[in-house]
Amino acid sequence: MTPAHTLPGEYFTSPSIFAQELRRIFWRDWVCVDRADRLTQAGDYLLADLGEQSVIVLRDGSGQYRALHNVCRHRGTRLCSEPHGRLRERIQCPYHAWTYGLDGRLVGAPHMDTVQGFARQDYPLRSAALQSWEGFLFLNLGEGSEPLDDALAPLQSSISRFRLPGLRSARRIEYDVQANWKLVVLNYSECLHCPVIHPQLAKLSPYQSGANDLTEGPILGGYMDIAREGGSLTASGRACGAPIPGLPEADHGRVYYYSIFPNMLLSLHPDYVMFHTLWPVNAAHTRVVCEWLFPPQTLDDPAANPEDAIEFWDTTNRQDWRICEQNQAGIASPAYTPGPYSENESLLAAWDSEYLRKLGGADR
Amino acid sequence: MTPAHTLPGEYFTSPSIFAQELRRIFWRDWVCVDRADRLTQAGDYLLADLGEQSVIVLRDGSGQYRALHNVCRHRGTRLCSEPHGRLRERIQCPYHAWTYGLDGRLVGAPHMDTVQGFARQDYPLRSAALQSWEGFLFLNLGEGSEPLDDALAPLQSSISRFRLPGLRSARRIEYDVQANWKLVVLNYSECLHCPVIHPQLAKLSPYQSGANDLTEGPILGGYMDIAREGGSLTASGRACGAPIPGLPEADHGRVYYYSIFPNMLLSLHPDYVMFHTLWPVNAAHTRVVCEWLFPPQTLDDPAANPEDAIEFWDTTNRQDWRICEQNQAGIASPAYTPGPYSENESLLAAWDSEYLRKLGGADR
Amino acid sequence: MTPAHTLPGEYFTSPSIFAQELRRIFWRDWVCVDRADRLTQAGDYLLADLGEQSVIVLRDGSGQYRALHNVCRHRGTRLCSEPHGRLRERIQCPYHAWTYGLDGRLVGAPHMDTVQGFARQDYPLRSAALQSWEGFLFLNLGEGSEPLDDALAPLQSSISRFRLPGLRSARRIEYDVQANWKLVVLNYSECLHCPVIHPQLAKLSPYQSGANDLTEGPILGGYMDIAREGGSLTASGRACGAPIPGLPEADHGRVYYYSIFPNMLLSLHPDYVMFHTLWPVNAAHTRVVCEWLFPPQTLDDPAANPEDAIEFWDTTNRQDWRICEQNQAGIASPAYTPGPYSENESLLAAWDSEYLRKLGGADR
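Residues numbered from 1 in each chain as written. Chains lettered and ligands numbered in written order. Predicted model: local features only at pLDDT ≥ 70, side-chain atom pairs only at ≥ 80, totals over all residues.

## So, the overall build of chain A
Counting its secondary structure elements, chain A contains 9 helices and 17 strands. What you see for chain A is a C-alpha radius of gyration of 22 Å, in line with the 21 Å of a compact globule of 364 residues. Principal axes of the C-alpha set define a box for chain A whose edges measure 70 × 55 × 30 Å. For chain A, buried positions account for 47% of its 364 residues. (Helix = DSSP H or I, 4+ residues; strand = E, 2+ residues; numbered from the N terminus. Rg over C-alpha atoms; globule rule 2.2 N^0.38 Å. Buried ≥ 20, exposed ≤ 12 C-beta atoms within 10 Å, placed from the backbone.)

As structure tokens, then:
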């Protein structure tokens with residue numbers, strides 16, 4: 001019996017496989033966009049860019065979240081240019097002033113009403129599915145998608161005790177990584193590299209500790225132990241605040257790590273939560289957004305130190321991106337051939353299977 | 001009946017359609033190069049770059065304008081590197097000193113005369129058709145092209161009263177626009193966007209005023225009214241000098257706008273003339289050159305203010321380029337589909353038809 | 001009879017022909033990497049990049065030179081990032097610490113020994129052929145290659161009197177040239193351009209002097225005369241030191257120039273040796289490394305002036321790169337067609353034949 005092997009090199013370098021990934025994965029699956037509480041007022045919006053697709057994610061007057069393609073139905077102009085902002089009741093095209101409600105309906109189209117055969121109801125902004133889950137917004141550009149709750153059901157039980165919807169974001173950092181998006185996920189999915197790449201992390205959390213509870217399918221992960229009692233993953237090794245209120249005692253000494261296919265990485269600490277979203281730019285370039293969430297009590301407590309967690313993971317993130325980039329450079333060589341996974345890399349083999357299954361799906 | 005619709009997205013993003021446009025349009029049609037009076041002395045030249053083709057446009061010793069490919073017949077070296085300059089009677093290759101007359105004849109080829117089978121007359125610089133019309137130089141890289149005068153005949157009657165050959169250039173500005181060249185033409189072909197994009201222009205010239213007189217074929221356009229009597233399109237709203245000498249009274253309150261397929265935009269004001277030439281770089285990038293022409297009397301009159309016109313249109317140009325770029329970004333989305341034109345956009349529908357007809361022509 | 005002509009334009013611009021050149025020439029033939037004496041200690045290495053392939057060229061503990069692909073057999077990570085350096089007995093992957101001997105054997109693979117079906121001997125670093133010749137290292141990524149000594153045999157007799165292995169490098173300069181690698185070789189292969197491009201060189205060495213002794217096959221070249229008795233090719237025209245010890249009197253007034261297919265240019269002066277290696281980046285971009293070698297006596301002699309040679313050729317190199325770039329720009333035009341070679345360019349016609357023969361070889 002041969003061990004599971006890494007994917008062939010073309011999966012990390014081919015522009016045509018990258019184009020298939022957009023069509024069959026990123027434009028069809030649920031992707032995590034951001035925290036819902038970034039949109040607090042009616043008209044608040046942010047842009048989600050998935051390849052060439054730009055989508056306006058907004059909160060409408062009734063408080064509902066919506067996703068509308070950022071493309072005017074008249075001449076195709078991008079409606080919103082800023083990555084986030086606030087709209088006033090209407091979305092107006094900056095070119096010829098076609099005007100849409102926050103629900104996408106076309107409500108004004110200068111000089112069109114005299115055009116024979118034209119009817120406003122035929123030209124709403126194209127919409128996409130958008131749902132919130134545990135305080136996060138998920139977007140789906142496909143048609144007839146699986147309900148989001150079903151997709152995330154495997155994670156629900158292990159996650160609800162972290163009371164995610166009540167946490168508040170303290171920091172958001174964007175990184176440009178010159179590596180394929182899959183290498184970022186695969187890097188996240190094992191700690192075999194921790195002693196080599198992250199000596200500080202390996203000290204705080206033994207790299208072979210813990211166990212995985214989700215070992216196949218679109219959500220994969222488990223927990224690792226925190227070495228020091230009452231500690232956490234921070235630059236100082238001390239917790240940066242009190243544990244998340246209501247979190248069971250058993251979770252005080254653990255960090256849970258889950259990858260949620262395709263683009264979310266969720267890291268649950270006793271005292272805070274970190275998540276990454278991945279935004280593929282091309283086969284060898286990924287934009288990564290990382291955000292740190294804390295209980296409001298921690299952010300309001302002058303004795304707490306959220307920076308301690310942010311500094312720790314920002315350093316760790318940069319160590320990871322550098323080795324991912326070196327991984328990308330090596331895989332690009334025609335001399336690369338798939339290599340064997342160890343048992344510490346079982347989640348990677350599981351992720352590769354899920355990925356191939358999704359990629360192999362019939363094209364639209 | 002459905003209204004006319006914008007072109008499908010691939011026409012603005014596909015590298016292969018862009019390559020066809022070069023072959024079937026820019027390398028086959030008459031394209032406006034520049035003003036003839038940029039070449040005043042024998043040997044004066046400028047380079048015209050159409051895609052990968054570089055052409056030397058020059059004035060020879062007899063005062064004739066000529067177009068010669070900027071490619072040595074020996075080893076293929078580019079002969080002239082500077083965008084414009086003056087040649088002394090000969091064009092000499094900077095590599096091995098093959099030397100050509102200003103008519104393209106090979107007059108010197110070191111060490112070639114002993115080569116069996118070599119004859120100088122077999123290796124002239126390749127030439128292209130070049131003709132002047134109303135003070136402008138037009139270049140045609142194709143074979144067996146329609147006579148230039150026939151091509152421009154529809155415009156001749158409405159234009160001769162502007163005495164274009166006698167005007168002098170006061171300014172030339174080059175812009176880099178991150179949009180397909182067709183979006184620049186289409187933007188020029190309607191003023192429906194003026195109230196939104198150019199509030200100052202819309203005040204000086206009501207956007208629904210005037211009428212079009214050329215509504216199908218390769219030359220399209222008409223006039224719009226100037227709101228203020230004796231005014232013009234300038235930053236101050238005042239004419240920047242006396243009307244063009246001899247211009248009929250009826251034209252003193254109008255601006256004429258014509259697009260000349262494929263790459264020229266000609267804007268005739270009572271007191272000055274502006275023209276744009278478009279130079280496609282790739283499907284999403286166009287170099288645009290804008291030049292302002294005045295009667296010599298205006299340029300010599302200390303009380304006149306040519307800057308007033310230049311400032312106005314430079315600002316307006318930049319507003320246009322920005323919205324063209326936003327238009328390009330939106331059209332690049334797979335969510336874009338053709339949208340309906342209003343009647344104010346009838347010239348765009350006509351231009352699209354002409355474009356498709358030219359593009360569809362049999363390949364060489 | 002028609003004279004020999006230059007190659008069609010696609011050979012200098014087509015990405016697919018460039019990809020074939022990598023596969024059929026640079027990944028199959030012997031290419032010169034560098035001087036062997038850059039690797040003096042056990043563990044010294046340098047990287048050779050041939051297209052996407054990165055190869056570690058090193059000296060092992062027994063003094064043997066080896067070439068190992070810079071790709072970990074585990075997850076494909078690039079093992080060495082710095083262009084040169086020193087390894088300590090082992091090559092360790094920076095990602096998960098797989099460890100290899102300097103002979104490429106896998107000697108450590110954490111957590112792999114428990115994996116069923118895994119055996120270390122199945123995962124050595126991939127190796128390539130590496131041989132030294134006259135003090136130079138040559139690399140061959142192909143299989144079943146011709147012995148290096150056979151390939152270089154035509155040059156052996158004319159070169160051994162320069163005692164190349166004993167020379168020492170005084171300077172190494174890297175250049176980025178925006179031209180196809182073949183144009184750099186072709187430029188080197190004639191001095192017809194010298195009076196135009198290098199007036200200083202043409203004064204020191206009459207461009208029609210000398211004779212070629214290797215006129216077909218993979219090694220091409222001959223000698224030219226030095227005009228001034230006891231002089232050399234230097235900025236001052238004076239020799240920069242004593243002649244290379246033991247060099248026959250007859251060679252004191254000559255410079256020998258040889259191109260060694262595909263990527264080496266070797267220039268032998270009475271008092272020093274210069275060589276170039278060419279590293280294709282893409283169809284229109286080549287990295288060129290130039291190095292100057294002197295007898296140790298010259299480098300140790302305070303009255304000698306090695307800088308005189310370096311300055312001369314650095315200036316000459318830059319003149320060549322500029323005209324090669326202008327050659328590339330012209331050839332990219334669809335108006336370019338092959339032009340005739342003169343008899344002074346007979347080596348270029350011979351080189352083109354050899355090139356086409358190699359390129360036409362059956363694909364792997």
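## Examining the sheet that holds strand 7 (residues 99–101) of chain B
Residue and element names in this part refer to chain B. In space, the 3 strands of this open sheet follow the order 6-7-8, with antiparallel pairing throughout. Edge positions in the sheet fall to strand 6 (90–92) and strand 8 (106–108), since each of these pairs with one other strand and no more. On average, adjacent strands in this sheet sit at an angle of 35 degrees to one another, irrespective of strand direction. Two elements, strand 6 and strand 7, share 3 bridges in a ladder whose sense is antiparallel. Directly across from Gln92, in strand 7, lies its bridge partner Thr99. (Pairing = 2+ DSSP bridges. Axes fitted to C-alpha atoms, helices over the stretch in contact; angles between N-to-C directions.)

## So, helix 4 (residues 181–188) of chain A
Counting buried positions along helix 4 of chain A gives 8 out of 8 residues, so the element sits mostly inside the fold. When we look at burial in helix 4 of chain A, the residues that qualify are A:Trp181, A:Lys182, A:Leu183, A:Val184, A:Val185, A:Leu186, A:Asn187 and A:Tyr188.

## Some words on the interface of chain C and chain B
Listed by partner, the interface residues are 23 residues for chain C and 26 residues for chain B. At 6 residues, helix 8 (residues 306–331) of chain C tops the list of elements feeding residues into the side of chain C that touches chain B. The class makeup of the residues in the side of chain C that touches chain B is 12 nonpolar, 10 polar and 1 charged. (Contact = placed C-beta atoms within 7 Å. Nonpolar A, V, L, I, M, F, W, Y, C, P; charged D, E, K, R; others polar.)

## Observations concerning the interface of chain A and chain C
Between chain A and chain C, the residue contacts involve 23 residues of the former and 26 residues of the latter. In terms of residue count, helix 8 (residues 306–331) of chain A provides more of the side of chain A that touches chain C than any other element does, 6 residues in total. Tallied by class, the residues present in the side of chain A that touches chain C amount to 12 nonpolar, 10 polar and 1 charged.

## Structural notes on the relation of the copies chain C and chain B
Between chain C and chain B, which share one sequence, the superposing operator has a rotation angle of 120 degrees and an axial displacement of 0.1 Å; the RMSD is 0.1 Å. Taken together, the turn and the small shift mark the pair as related by a three-fold rotation axis. The C-alpha atom lying nearest the rotation axis in chain C is that of C:Pro15; the distance is 8.6 Å. (Least-squares fit on C-alpha atoms with pLDDT ≥ 70 in both.)

## Considerations on the domain arrangement of chain A
Residue and element names in this part refer to chain A. Domain parsing of chain A yields domain 1 (30–140) and domain 2 (154–359). Contacts between domain 1 and domain 2 engage 6 residues on the former and 12 residues on the latter. Ranked by residues supplied to the side of domain 1 that touches domain 2, first place goes to strand 1 (residues 30–35) with 3 residues. Looking at side-chain class alone, the side of domain 1 that touches domain 2 contains 2 nonpolar, 1 polar and 3 charged residues. (Domains from an automatic or database assignment.)

## Let's talk about the nonpolar core
A:Val57, A:Leu139, B:Val57, B:Leu139, C:Val57 and C:Leu139 are the most contacted members of the largest nonpolar core, which has 335 residues in total. Excluding residues that lie within four positions of it along the chain, B:Val57 makes contacts with B:Val33, B:Tyr45, B:Leu46, B:Ala48, B:Ala67, B:Leu130, B:Leu137 and B:Leu139. (Core = buried A, V, L, I, M, F, W, Y, C linked by C-beta atoms within 7 Å.)

## A word on the sheet that holds strand 5 (residues 84–86) of chain C
All names here are of chain C. Across the sheet, 7 strands lie side by side as 1-10-9-4-3-2-5; this open sheet has antiparallel pairing. Looking at strand neighbours, the two that pair on one side only are strand 1 (31–35) and strand 5, the edges of this open sheet. Along the sheet, successive strands turn relative to each other by an average axial angle of 30 degrees, direction set aside. In the sheet, strand 1 pairs with strand 10 (residues 136–140) via 4 bridges, with the strands oriented antiparallel. Looking at strand 10, one finds that Val31 is bridged to Leu139.

## Things to note about the packing of helix 4 (residues 181–188) of chain B against helix 8 (residues 306–331) of chain B
All names here are of chain B. Packing of helix 4 against helix 8 leaves a shortest axis separation of 10 Å and a crossing angle of 125 degrees. Here helix 8 runs oblique to helix 4, going by the angle between their axes. Considering how the two elements wind past one another, helix 4 and helix 8 form a crossing that is right-handed. Residues Leu183, Val184 and Asn187 of helix 4 pack against Asp320, Cys324, Asn327 and Gln328 of helix 8. For the contact of helix 4 with helix 8, the class distribution of residues is 3 nonpolar, 3 polar and 1 charged. (Parallel < 35°, antiparallel > 145°, perpendicular 65-115°, else oblique. Left-handed = near helix turned anticlockwise from the far one by under 90°.)

## Describing the pairing of strand 10 (residues 136–140) of chain A
Residue and element names in this part refer to chain A. In terms of burial, strand 10 is a largely internal element, 5 of the 5 residues being buried. Every second residue of strand 10 is oriented toward a common face, with Phe136, Phe138 and Asn140 on one face and Leu137 and Leu139 on the other, all of them buried. Of the pairings in the sheet, the one linking strand 1 to strand 10 comprises 5 bridges and is antiparallel in character. Note that in strand 10 the partner of Arg35 across the bridge is Phe136. The antiparallel hairpin formed by strand 9 (residues 127–133) and strand 10 contains 2 residues in its connecting segment, where Glu134 sits at a positive phi of about 55 degrees.

## Here we look at unusual backbone geometry
Residues and elements named next belong to chain A. Cis peptide bonds are those with omega within 30 degrees of zero, and the linkage from Phe261 to Pro262 qualifies with 0 degrees. Take Pro262: it is sitting in the loop between strand 14 (254–260) and strand 15 (264–268). Not every positive phi belongs to a glycine, and Arg163 is a case in point at roughly 45 degrees. Within the secondary structure, Arg163 is located in the loop between helix 3 (148–159) and strand 11 (168–177).

## Considerations on the pairing of strand 3 (residues 53–59) of chain A
All names here are of chain A. Most of strand 3 sits out of view: 7 of its 7 residues are buried. In strand 3, alternate side chains face the same way, and those of Gln53, Val55, Val57 and Arg59 on one face and Ser54, Ile56 and Leu58 on the other are all buried. Sheet topology note: the strand 2 (residues 44–50)/strand 3 ladder contains 6 bridges and is antiparallel. Its bridge partner lying in strand 3, Leu47 is registered against Ile56. Between strand 2 and the antiparallel strand that follows it, strand 3, lie 2 residues; Gly51 among them carries a positive phi value of about 60 degrees. Pairing geometry for strand 3 and strand 4 (residues 65–69), over 5 bridges, is antiparallel.

## A look at the environment of B:Tyr45
Residues and elements named next belong to chain B. Note that Tyr45 resides in strand 2 (residues 44–50). By the C-beta count within 10 Å, which is 26 here, Tyr45 ends up buried. Residues Tyr45 and Arg86, spaced 41 residues apart in sequence, show a C-alpha to C-alpha distance of 5.9 Å. Dropping the residues within four chain positions of it, Tyr45 is found in contact with Leu39, Ile56, Val57, Leu58, Cys80, His84, Gly85 and Leu87.

## Describing the environment of C:Ile159
Residues and elements named next belong to chain C. Structurally, the position occupied by Ile159 is in helix 3 (residues 148–159). Sequence separation of Ile159 and Glu134 is 25 residues, and the distance between their C-alpha atoms is 8.7 Å. If near-sequence neighbours (up to four positions away) are discounted, Ile159 is found in contact with Glu134 and Leu164.

## Structural notes on the confidence of the model for chain A
The pLDDT averaged across chain A works out to 96; a share of 98% of its residues lies at or above 70. Scored as a whole, the predicted complex attains pTM 0.95, and scored at its interfaces, ipTM 0.94. (pLDDT = per-residue confidence, 0-100.)

## Examining the environment of C:Asp320
Residues and elements named next belong to chain C. Positionally, Asp320 belongs in helix 8. Take Asp320: there are 23 C-beta atoms within 10 Å of it, and that puts it in the buried class. Along the backbone, Asp320 and Cys194 are 126 residues apart, and their C-alpha atoms lie at a distance of 9.5 Å. Each residue touching Asp320, except ones within four places of it in the same chain, is listed here: Asn187 and Ile197.

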